[in-house]
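The lines below spell out each chain.
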Amino acid sequence: MTIGEAVAATAPLWVSIEGINGVGKTTAARAVTANLGARCVLLDELTDSSGAALHGRVMAALTDNGDPFLRTGHPVVETLALFALQLGKAERLAGRDLTGVNVIIEDRGVDSVAVYQAAILCAQHADSAADVVAKLVLSGFRRWRRISDATILLTGDPEECSRRFTDRIGRSLTTEDLHLLAQIDTLYRMAAADDPDRYILLDVAGMSQAQTADAVGEIVANLMDRQAANAS
């Protein structure tokens, strides 16, 4: 049995929350998880990994130079490292007792790795199409771990997202950073258009973080209701 099959056998709904930095996904993911209580398991964003375990050490190496997009100058190695970390996340989940869990909320899943790394890789290889690279990375994931049943893509005002992001990291973004963020946003939207059955777009422009969390919570509740109806 593969990691994906082991997790899928427990049959909780798997929802990932995606979007560019500063759009409010982490706040929303944590709020939804808190509201659902024991019925929900939260898979934190990879950048929240820390400690002496291997995944913590790998993330520490990726974040060591303080780059906001985990760029170390070796994008292929970074992509493979993030790929492995995502597999490790699923493997650790497969070893948990998920009795009574109805939904898994993932703060950034494999879609993030595919989209972000495609943009970063193609910044060094301009002759490659970033959307094609993103699809290739995602197809690789499908062979090794479960992909989310639904992906909620938060979209918003790029300037507001950038301001929130810079406030959080305590530094300004370069022109190159802003260009990369805009390309990532475009790739997310292209991915959503390519897979409309899995992606759910939520425009949070003008919403407070509490309003965003409420809107995400409503989507998750509807998805859970739909799954329950299909199971009955």
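The structure we're discussing is the one just above.
These lines cover the structure that appears in this document, whether it is placed above or below. On a predicted model such as this, the values are computed, not experimentally measured, just so you know.

## A look at the overall build of the chain
Along the backbone of the chain there are 9 helices and 5 strands. Secondary structure elements of the chain occur, N-terminal to C-terminal, as α-β-α-β-α-α-β-α-α-β-α-α-β-α. The globule rule puts the C-alpha radius of gyration for 232 residues at 17 Å, and the 17 Å found for the chain is close to it. Its C-alpha atoms give the chain principal-axis dimensions of roughly 50 × 40 × 35 Å. For the chain, buried positions account for 50% of its 232 residues. Counted over contacts in the chain with a minimum sequence separation of 6, partners at least 24 positions apart contribute 78%. Accessible surface, the chain as shown: approximately 11300 Å² in total, 54% of it carbon and sulfur. Here the chain carries 21 positive and 30 negative side-chain charges, and the mean point of each set is 4 Å from the other.

## Here we look at the sheet that holds strand β2 (residues 40-43)
With parallel pairing, the 5 strands of this open sheet are ordered in space as β2-β3-β1-β4-β5. Strands at the two margins of the open sheet, each flanked by one partner only, are β2 and β5 (199-203). Across this sheet, the average inter-strand angle for adjacent strands is 20°, counted without regard to direction. Against the sheet, helix α4 (residues 75-94) makes contact with β1 (13-18), β2 and β3 (103-107), and its axis sits at roughly 155° relative to β3, the strand it touches most.

## Some details on the packing of aromatic side chains
If you walk through the whole model with that rule in mind, you get 4 aromatic pairs. Relative to Phe141, the ring of Phe83 lies with its centre 4.2 Å away and its plane at 10°, an arrangement referred to as stacked. In this pair, Phe83 sits in helix α4 while Phe141 sits in helix α6 (residues 130-142), placing the two residues 58 residues apart along the sequence. Overall, Phe141 belongs to the buried group, its relative accessible area being 0%. Their ring planes at 75° and their centres at 6.3 Å tell us that Tyr116 and Tyr188 sit as a pair that is edge-to-face.

## Topic: the pattern of salt bridges
In total, this model carries 18 salt bridges according to the counting rule given. Residues Lys135 and Asp194 are paired through a salt bridge, measuring 3.8 Å at the closest nitrogen-oxygen approach. Remark: Asp194 occurs in helix α8 (residues 175-194) and Lys135 occurs in helix α6; sequence separation between them is 59 residues. Judged by its relative accessible area of 44%, Lys135 falls in the partly exposed class. In this structure, Arg164 and Glu160 form a salt bridge, with 3.3 Å as the shortest nitrogen-oxygen distance.

## A few points about the pairing of β3
For β3, the tally of buried residues reaches 5 of 5 residues, placing the bulk of the element in the interior. In the sheet, β1 pairs with β3 via 5 bridges, with the strands oriented parallel. Following the sheet pairing, Trp14 is matched in β3 by Ile104. With 4 bridges connecting them, β2 and β3 associate as parallel partners. Opposite Val41, over in β3, you have Ile104 as the bridge partner.

Criteria and cut-off values
- Residues numbered from 1 in each chain as written.
- Predicted model: local features only at pLDDT ≥ 70, side-chain atom pairs only at ≥ 80, totals over all residues.
- Heavy atoms only, no water.
- Helix = DSSP H or I, 4+ residues; strand = E, 2+ residues; numbered from the N terminus.
- Rg over C-alpha atoms; globule rule 2.2 N^0.38 Å.
- Buried < 20%, exposed > 50% of the residue type's maximum accessible area, 1.4 Å probe, protein only.
- Contact = heavy atoms within 4.5 Å.
- Areas by Shrake-Rupley, 256 points an atom, 1.4 Å probe, with all protein chains shown as cover.
- Lys, Arg positive; Asp, Glu negative; His and termini not counted.
- Charge placed at Lys NZ, Arg CZ, Asp CG, Glu CD.
- Pairing = 2+ DSSP bridges.
- Axes fitted to C-alpha atoms, helices over the stretch in contact; angles between N-to-C directions.
- Phe/Tyr/Trp six-rings, centres within 6.5 Å; stacked < 30°, edge-to-face > 60°.
- Salt bridge = Lys/Arg side-chain N within 4 Å of Asp/Glu carboxyl O.

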